[in-house]
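Descriptive structure summary
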Amino acid sequence: MTETTKAETMIWQGGVAGCLDLIDQTKLPTELFRIECKDVETVWEAIKMLRVRGAPAIGIAAAYGVVLGLQSAEKGKEAFFARLDEVVDYLATSRPTAVNLFWALDRMRRVADRQRADFNGVEQLCESLLAEAKSIHEEDRRMCHSIGGHGADLLNGVEGVLTHCNAGGLATAEYGTALSVFFTAQDRGQSLHVYVDETRPLLQGARLTAWELMQRGIKATLICDSMAAQVMREGRVQAIVTGADRIAANGDSANKIGTYSLAVLARAHGIPFYIAAPSSTFDLVIESGDQIPIEERCSKEITHGFGRQTAPDGVEVYNPAFDVTPAEYIQAIITEAGVIAPVNREAIERVLGVV
Ligand code: MRU
């Protein structure tokens, strides 16, 4: 591990024999450390432990993880493809909710499958896989900037906004999804005041979003999650924007636990609730949010948050990491292809150009 001043979420170092260099997000905001992932196990652990997190960033890391997992593969065709299956299946077990992980792994597998019939050797295939991982990375960068443009148009006249968890540069290739909307508004000269939910239990809002906003000189006020209703009632925010981890065909959207209650509160206060997400976060194979797998995490995240015991020994704990906001509570979904409103299957298919 090395201390650094570089804030790029992920960087691939070198050619096919290279490694993945990423910010260890568990150390922020007090330390900006980078780790070098030289094997697929280190990438898996980094995803599992949220060293790299946020739906798009998980997908990008997993794509590079495939390249790392194949560095030690045998040269023969059958052995290589067997190892590819093993590596993809292994990375798919790291986290269950963000569909970007499976989307990126599918893209990697398809690149390999296309070369299966006229196989020209492991070297060429590994080059193609690294190129695909880099494309996934680069496309995400472009999608985030487009989301920002479409989303900032919706914030005309808005002064106060609220966000939950971290959907910023750290959660993506750069710039973010929800935060990209705020960054773009700022680039256009708009002054925003962002209320940041701390986001229990792992504090992605306090540790990561507040840090990112402050780095860019955007006014940020940290609140406990339970203060959101009061902030809305006091008229401090005119819009809520969050990211998403998986969006079903009908628009139901999974995001960090606590997002659903924000959307319900927003409806009660007549405040628009927006989701900002790239097309890679849509899972159009599933009809509704009921089919989205919700990750359950370790009870110690609640009973021993950041190393200090705050609950009695042996207490029963339920720790779902995500919840699903029904489409009816979402005013619009902001994507790189445009704004989806109203949120329903027809509008999703039209904006995303699904035929
Ligand atoms: O558990 P995390 O930190 O990976 O959860 C992340 C979120 O819920 C983000 O809001 C979501 O992935 C969108 S990131 C652009």
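Just so it is clear, the model here is predicted, and its values are computed rather than measured.

Structural notes on the nonpolar core
Residues Leu-20, Val-66 and Phe-80 are the most contacted members of the largest nonpolar core, which totals 45 residues. Breaking this core down by element, the ones donating at least two residues are strand 2 (10-13), strand 3 (19-23), strand 4 (33-37), helix 1 (40-48), helix 2 (55-70), helix 3 (77-91), helix 4 (99-114) and helix 5 (122-154). No other element matches helix 2, which puts twelve residues into this core. Look past the residues within four positions of Val-66 in its chain and what remains in contact with it is Leu-84, Val-87, Val-88, Leu-91, Leu-105 and Met-108.

What about the pairing of strand 3?
Within strand 3, five of the five residues are buried, which leaves it mostly tucked inside the rest of the structure. Across the two faces of strand 3 the burial is the same, with Cys-19, Asp-21 and Ile-23 and Leu-20 and Leu-22 all buried. Taking the residues that link successive antiparallel strands as the turn, the strand 2-strand 3 hairpin has five residues, and the phi of Gly-14 there is positive, at about 90 degrees. Relative to strand 4, strand 3 runs antiparallel, the two sharing four bridges. Of the residues in strand 4, the one forming a bridge with Asp-21 is Glu-36.

A word on the site of the ligand
Around the ligand, 19 residues are found, and the nearest of them are Arg-53, Ala-55, Arg-95, Asn-255 and Lys-256. With respect to the ligand, the backbone of Gly-54 contributes an N or O atom lying 3.0 Å from an oxygen atom. Arg-95 places a polar side-chain atom, nitrogen or oxygen, 2.8 Å from an oxygen atom of the ligand. One can see that the ligand is located within the largest cavity. Looking at the shell around the ligand, the elements that each hand over two or more residues are helix 2 and strand 10 (253-256). For the shell around the ligand, the class distribution of residues is eight nonpolar, seven polar and four charged.

Quick word on empty space enclosed by the protein
In this structure the tally under the stated criterion is three cavities of 30 Å³ or more. In this structure, the largest cavity encloses a volume near 200 Å³. Along its surface, the largest cavity is lined by 25 residues, and Arg-53, Gly-54, Ala-55, Asn-166 and Asp-245 are the ones closest to its centre. Here the lining of the largest cavity gets three residues from one element, more than from any other, and that element is helix 2. The residue inventory of the lining of the largest cavity, partitioned by class, reads twelve nonpolar, nine polar and four charged. Mapped onto the domain boundaries, the lining of the largest cavity takes at least three residues apiece from domain 1 (2-143) and domain 2 (145-352).

Quick look at the environment of Gly-168
Within the element layout of this structure, Gly-168 appears in the loop between strand 5 (160-163) and helix 6 (178-187). Along the chain, Gly-168 and Ser-180 lie twelve residues apart, while their C-alpha atoms are 6.7 Å from each other. Setting aside its immediate chain neighbours within four residues, Gly-168 contacts Tyr-175, Gly-176, Leu-179 and Glu-212.

A word on the environment of Asp-197
Relative to the helices and strands, Asp-197 is located in strand 6 (residues 193-197). Each C-alpha atom, one on Asp-197 and one on Leu-154, is 21 Å from the other, the two residues being 43 residues apart in sequence. In contact with Asp-197, other than residues within four places in its own chain, are Leu-162, Thr-163, His-164, Cys-165, Gly-205, Ala-206, Leu-222, Ile-223, Cys-224, Asp-225, Ala-228 and Leu-262.

Quick notes on unusual backbone geometry
A cis amide bond links Leu-28 with the next residue in sequence, Pro-29, at an omega value of 10 degrees. Along the chain, Pro-29 turns up in the loop between strand 3 and strand 4. In this structure, the amide linkage connecting Ala-341 to the following residue, Pro-342, adopts the cis form with an omega of 0 degrees. Its location among the elements puts Pro-342 in the loop between strand 15 (338-340) and helix 11 (345-352). Within the chain, Phe-306 stands out as a residue other than glycine whose phi angle is a positive 55 degrees. Among the structural elements, Phe-306 can be located in the loop between helix 10 (300-303) and strand 13 (322-325). Its relative accessible area of 54% is what places Phe-306 among the exposed residues.

Quick notes on the rules
- Counting from 1, residues in each chain are numbered in the order their sequence is written.
- Whole-chain, interface and lining totals are the exception, using all residues; otherwise, since this is a predicted model, local features are given only for residues with pLDDT of at least 70 and side-chain atom pairs are given and counted only at 80 or more.
- To get the side-chain values, take all heavy atoms of the structure and skip hydrogens and water.
- Residues enter a nonpolar core if they are buried and are Ala, Val, Leu, Ile, Met, Phe, Trp, Tyr or Cys, with the set joined through side-chain atoms within 4.5 Å.
- The classification of residues rests on relative accessible area computed with a 1.4 Å probe and restricted to protein chains. Under 20% of the type maximum is buried, over 50% is exposed, and intermediate values are partly exposed.
- The secondary structure listing takes helices from DSSP runs of H or I that are at least 4 residues long and strands from runs of E that are at least 2 residues long, numbered from the N terminus.
- Note on contacts: a residue pair is in contact if any heavy atoms of the two residues lie within 4.5 Å.
- In this analysis, strands are considered paired if DSSP registers two or more bridges between them.
- Only heavy atoms are used to decide nearness, and a residue is near a molecule or strand if one of them lies within 4 Å of it.
- Pairing of N or O atoms within 3.5 Å defines a polar contact, subject to two protein rules: one partner must be a possible hydrogen donor and the other a possible acceptor, and residues neighboring in sequence count only if both atoms are side-chain atoms.
- A cavity here means a set of points on a 1 Å grid, drawn over the protein atoms and nothing else, where a 1.4 Å probe fits but cannot get out; a pocket is an open set with protein on both sides within 12 Å along at least five of seven lines, and a residue lines either one if it has an atom within 4 Å of a point.
- The way we define it, a molecule is inside a pocket or cavity when more than half of its atoms are within 2 Å of that pocket's grid points.
- Gly falls in the polar group here, along with every residue not listed as nonpolar (Ala, Val, Leu, Ile, Met, Phe, Trp, Tyr, Cys, Pro) or charged (Asp, Glu, Lys, Arg).
- Grid points are joined across faces, edges and corners, and a volume is the space filled by probe spheres set on the points.
- The domain boundaries here were taken from an automatic or database domain assignment.

Read these as layout, nothing more, since geometry by itself doesn't imply function.
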